[in-house]
Amino acid sequence: MLLTKEQALARSTHSVGGPNETFVLNLGPQHPATHGVLRVKLTMDGEFIQRAEPVCGYIHRMHEKMGENRNYSQFLPNTSRLDYLSAMQYTHAWVGVVEKACKIEVPERAEYIRVITSELNRIASHLVGWGAWVMDLGGFTPILYAFDDREKILDLLEGICGARLTFCYYRFGGVVNDVDAAFLQGTKDFVPYMRERMKMYKKLVTGNIILRKRIEGIGMISQDMCRRYGACGPVLRGSGIQHDVRRAEPYSIYHKFDYEIPVYHECDSMARYLVRMDEIEQSLRIIEQALATFPEGPFVNPKVPKFVKVPAGDYTYATEAARGRFMVRLVADGSDTPYRVKLRTPCLANLSLFEEACAGMLLPDALAFMGSLDLVIPDIDR
Amino acid sequence: MSSSPTAEQLHAEFAALYPPAPVAEKPAPAPEPAPVAPAATPDASGAPVAPAPKPAAPKAPVGPILQTEPPFGATAVDFAARGFHLDLSIPAADVVSVAERLYRHEFSLDTMTGVDWMKLNQMEVVYDFVHFTTNLHVVVRCRVPRDNPELATISSVFQGALWHERETHDFFGIRFLGHPNLVPFLLPEDATYHPLRKDFAGASD
Amino acid sequence: MSAFLEILGQEPYWSFVRIGLFLVGIASFVGANAAYLVWVERKTAAYVQRRPGPMEVGYQGLLQPIADAFKLFAKQVLVPPGADAILFRLAPVLIMTSAMLSFVAIPYGTYLSPTNIDLGLLAVFAFASINVMALMLGAWASRNKFAIISSARVVSQNIAYEIPMLLTIVTIVMMSGSMNLGEIVTKQGGWFWHWNLFQLQHNPLMPLSFLTFYICMLAETNRAPFDMAESESELVAGAFTEYAGMSFGVFFMAEYANIVIGCSLATVLFLGGWNTGLGSLFSSAPAWAGSLIGLAAFFAKLYALIFTVIWIRWTFPRTQFYGLLNLSWKILIPVSLVTLWVTSFLLKVI
């Protein structure tokens, strides 16, 4: 049942003290469920939320200004610090936009490496998002299981690029290091391992009646709402819109692989949960196929100049990050520094619908709903 | 009007509304063609639509882009080269009607931002619209005078713009008329500076 | 000296001495128990989550509770500005007092009960319900919005869950014909099928009653998945948000004391208390040995129950608050009413 804002508000005014007896509750910026420094100013009527106004900017770093002050390669590490949980896809967007603008060829092997690392990163990110969300719901154990699996991914990625969180592995025209046999073997072993684990998670968490009661029918997001707010990623696909940047605006070599875009039509938090769980499986499929046809060859285009100069113009490049569509809009003036960098981040769009969606909700439901958006606050604040 | 238009239909619709006449009138060899990649010939698969007014100029010097306006009206763009399908340059007064039109076409507001063209004494507001089923990416841009950057809000059509407009106001000082709550979004609540203006010299506090 | 002891050994002095001894014993038991239940909880959680848990202080972290106690004692008890300082400080005392007093009526063995009150069951419940009031008091006095939400939740939760709990207990009282906890245990002597849990001839739904009681016990002690009072990640730390240092520590201890009381009651009412359930296997043992065996049986059942409480906490997510109330009003209360009717019917007819 989808409530309009008015209906939801009307429902929330069944209070004993009358509609005017509200109080303001500051959720955050140090609240345990906001995972970072998000603050939500809640106007509460008892435990019902009348108005939820997210207040952002506590971890604002002005990455876009930094982009105007440093050259193209120097800005690359910045992009991995937006959504620190899916750094690979973010750096992919930045190298992608520069490669597109400068017409830099990327060797096939490099593209394969990018796809594999991006998908590994996506799994790691979904695992954290899943674990943290279940922790918000009061289940403390799954996050440690998730971190256990994520640890395996991080070890693999650390082996090839040295970083464990803010990966800066991609370069214009390829990647910085070639992958070794240990990485390929480790990834190959990881796929069946993760499949086994997913079975266990399904039994342990997905089927749990308490969890289902907590998130089924909670946080309805209609398709129209998705459009009005530009929702993306699993939030969008949980509302029945089969849109994935990997399919919609094909980049890299995603068109070579056979994978599905999970979509659920329930529009509730459970749908978003299931989308993420299915996406892990689809990412595993992509990794499996990429490993099977992994080509030999150079891992980076040797002809890329050290200081890239992007021809004047404006370019956009979007990637499907773990939380949704990440787009870079680059306005170049032909010099070696960008004229303007706009970073379109998924969490900002997904959080912007929070206010409308959770009017009239109960506080614990709103937190369950917030978990379903899988927010990373530095991604919103940039 | 179908709600899921193809790139051609959309281009035709907007070209009728905003005929790209001013560009055609301009002398061809001029370095005007503006924010267009120099080598962006529509060769790859993308939007094989109306001949985009893009003379393939050699290496663009640093200057021109900062001094020219984009071609007015609807321009089909090579997706493979630039990452979007339709570039729509419209007068600032029309943003709301164009947003409504795109909303009727079931477009989604992807993002919006500003660009400071200081040398032209202009501010550009760029809207990105994405269609979830046809996967079209439309860029709408309009220019406002830099001394008095004012523009109607589209937040009545796309509520997602509420935050994007606040952010653009933070960074550029562009005022969105009719915005219900145009207070700093990412900057401190008492911020009076606009860091993405090209003449920004640093916040005093 | 011996004359003095002789006087003490006579009634009515002996009763006072006995209560005094038990109070000291209980105080130390509650303290040590809470401290080491925390350790057990942390170790169990660690086992469930496949990590080592506390390892640094002592062998397997066995001295960790002591280190924690020192830490808590060393911290200042801060009273937030604007809070009602008296009530704020009173709440931890009150919650601990009620928990301690509940122990007075619980029998641990034939000779091991602080007082033999005829209305022991009632006394335990009377004291246990002060627990809620203390939580509400502390939450309300701390002048924190999260705490106040939590206090409102705690009250409605406890009201909701006391009803099915008492209804279940009424069935037990009807079967035993007594509210004296010692007598209830004595009636369950002999083999384990004499335990109330297996008295299916009086109440075929007895296992369901036990489950109801157990769920209510979890809810009454504010344990996961019903930890609405604390519900961290929703209400920060709920009622305890503003409490620091040992005042928080006392709440923490009281929580574990309440778990022990709840599980003790479950043991006494359903699982035969100190009865081993092995017939007359140990009847030839001397009285002191019999007492010890009884005590061991009691604690074995008690800690098995406590372990399940911990196990549940680390397995399930928290319920939604209205889900919690629905569970009580729509499921548990009807179920316990049905068991009550069935039991009274069977008792009258047979």
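What counts, and where the lines are drawn
Residues numbered from 1 in each chain as written. Chains lettered and ligands numbered in written order. Predicted model: local features only at pLDDT ≥ 70, side-chain atom pairs only at ≥ 80, totals over all residues. Heavy atoms only, no water. Domains from an automatic or database assignment. Buried area = accessible area lost by both parts, 1.4 Å probe. Salt bridge = Lys/Arg side-chain N within 4 Å of Asp/Glu carboxyl O. Contact = heavy atoms within 4.5 Å. Polar contact = N/O pair within 3.5 Å; in protein donor to acceptor, adjacent residues only side chain to side chain. Helix = DSSP H or I, 4+ residues; strand = E, 2+ residues; numbered from the N terminus. Patch = residues over 30% accessible without salt bridge, like charges linked within 9 Å, V, L, I, M, F, W, Y side chains within 5 Å. Areas by Shrake-Rupley, 256 points an atom, 1.4 Å probe, with all protein chains shown as cover. Buried < 20%, exposed > 50% of the residue type's maximum accessible area, 1.4 Å probe, protein only. pLDDT = per-residue confidence, 0-100. Phe/Tyr/Trp six-rings, centres within 6.5 Å; stacked < 30°, edge-to-face > 60°. Lys NZ or Arg CZ within 6 Å of the ring centre and 35° of its normal. Pairing = 2+ DSSP bridges. Axes fitted to C-alpha atoms, helices over the stretch in contact; angles between N-to-C directions.

**A few points about the domain arrangement of chain C**
Residues and elements named next belong to chain C.
- Domain annotation of chain C identifies domain 1 (1–74) and domain 2 (79–349).
- Computed over C-alpha atoms, the centres of domain 1 and domain 2 are 19 Å apart.
- Across the interface of domain 1 and domain 2, roughly 2,200 Å² is buried in total on both sides, 79% from carbon and sulfur atoms.
- When residues of domain 1 are sorted by the area they lose upon contact with domain 2, Leu37, Glu41 and Leu72 head the list and together hold 26% of the total.
- Joining domain 1 to domain 2, the criterion identifies two salt bridges.

**Let's talk about the interface of chain A and chain C**
- The interface of chain A with chain C comprises 30 residues on the first partner and 22 residues on the second.
- Regarding the contact of chain A and chain C, the summed buried area is about 2,400 Å², with carbon and sulfur atoms giving 59% of it.
- For the pair chain A and chain C, the interface holds two salt bridges.
- Asp148(A) is the partner of Arg50(C) in a salt bridge, and the nearest nitrogen-oxygen pair spans 2.5 Å.
- Where chain A touches chain C, the interface holds ten residue pairs in polar contact (both at pLDDT 80 or more).
- Secondary-structure elements contributing two or more residues to the side of chain A that touches chain C are β1 (23–27), α5 (108–136), α6 (141–161), α8 (209–215) and α15 (363–373) of chain A.

**Describing a nonpolar patch on the surface**
- Taken together, Trp191(C), Phe192(C), Trp193(C), Phe198(C), Leu278(C) and Leu281(C) make up a surface patch of nonpolar side chains, about 610 Å² in accessible area.
- Given a relative accessible area of 39%, Phe192(C) falls into the partly exposed group.

**Describing the confidence of the model for chain A**
All names here are of chain A.
- Mean pLDDT over chain A works out to 86, with 95% of the residues at or above the 70 mark.
- Model confidence for chain A, summarised as mean pLDDT per element, is weakest for helix α1 (residues 5–12) at 58 and strongest for helix α12 (residues 269–292) at 91.
- Overall, residues 13–17 carries pLDDT values under 50, and its contacts beyond four positions in sequence, including any with other chains, amount to four contacts.

**Quick word on the packing of aromatic side chains**
- Under the definition given, this model contains 33 aromatic pairs over all chains.
- Ring centres 6.1 Å apart and planes at 20° place the aromatic pair Tyr72(A) and Trp94(A) in the stacked group. With Tyr72(A) in helix α3 (residues 72–79) and Trp94(A) in helix α4 (residues 87–102), this pair connects stretches of sequence that are 22 residues apart.
- Take Trp94(A): its relative accessible area is 0%, and that puts it in the buried class.
- With centroids separated by 5.5 Å and ring planes inclined at 35°, the aromatic side chains of Phe248(C) and Phe252(C) adopt a geometry described as tilted. Here the residue Phe248(C) and the residue Phe252(C) both occupy positions in helix α9 (residues 245–270), the gap between them amounting to four residues, near one helical turn.
- With relative accessibility at 23%, the residue Phe248(C) sits in the partly exposed group.
- Overall, the relative accessible area of 28% leaves Phe252(C) in the partly exposed class.
- These aromatic residues form a ring-pair network of at least three members: Phe88(C), Phe240(C), Tyr243(C), Phe248(C), Phe251(C), Phe252(C) and Tyr256(C).
- Taking NZ or CZ as reference, Arg246(A) lies 5.7 Å from the ring centre of Tyr254(A), over its face.
- Here the basic side chain of Arg153(C) rests over the ring of Phe321(C), its NZ or CZ set 5.4 Å away from the ring centre.

**A short note on the interface of chain B and chain A**
- Counting residues at the interface gives 57 residues for chain B, matched by 46 residues for chain A.
- Buried surface at the junction of chain B and chain A, both sides included, amounts to about 4,400 Å², of which 57% is carbon and sulfur.
- When residues of chain B are sorted by the area they lose upon contact with chain A, Phe132(B), Trp163(B) and Leu186(B) head the list and together hold 17% of the total.
- Scanning the region where chain B abuts chain A turns up eight salt bridges.
- With a shortest N-O distance of 3.1 Å, Glu68(A) and Lys198(B) are connected by a salt bridge.
- Where chain B touches chain A, the interface holds 19 residue pairs in polar contact (both at pLDDT 80 or more).
- Put simply, the parts of the chain that give the side of chain B that touches chain A at least two residues each are α3 (79–82), β3 (107–117), β4 (122–131), β5 (137–145) and α5 (161–172) of chain B.

**Here's the deal with the sheet that holds β1(A)**
All names here are of chain A.
- Taking strand neighbours across the sheet as the criterion, the three strands line up as β1-β2-β3 in an open arrangement whose pairing is antiparallel. The open sheet has two edge strands with one neighbour each: β1 and β3 (48–55). Strand-to-strand twist in this sheet, taken as the mean axis angle between neighbours without regard to direction, amounts to 25°.
- Across seven bridges, strand β2 (residues 39–45) lies against β3 in antiparallel orientation. Looking across to β3, one finds that Asp45 is bridged to Phe48.

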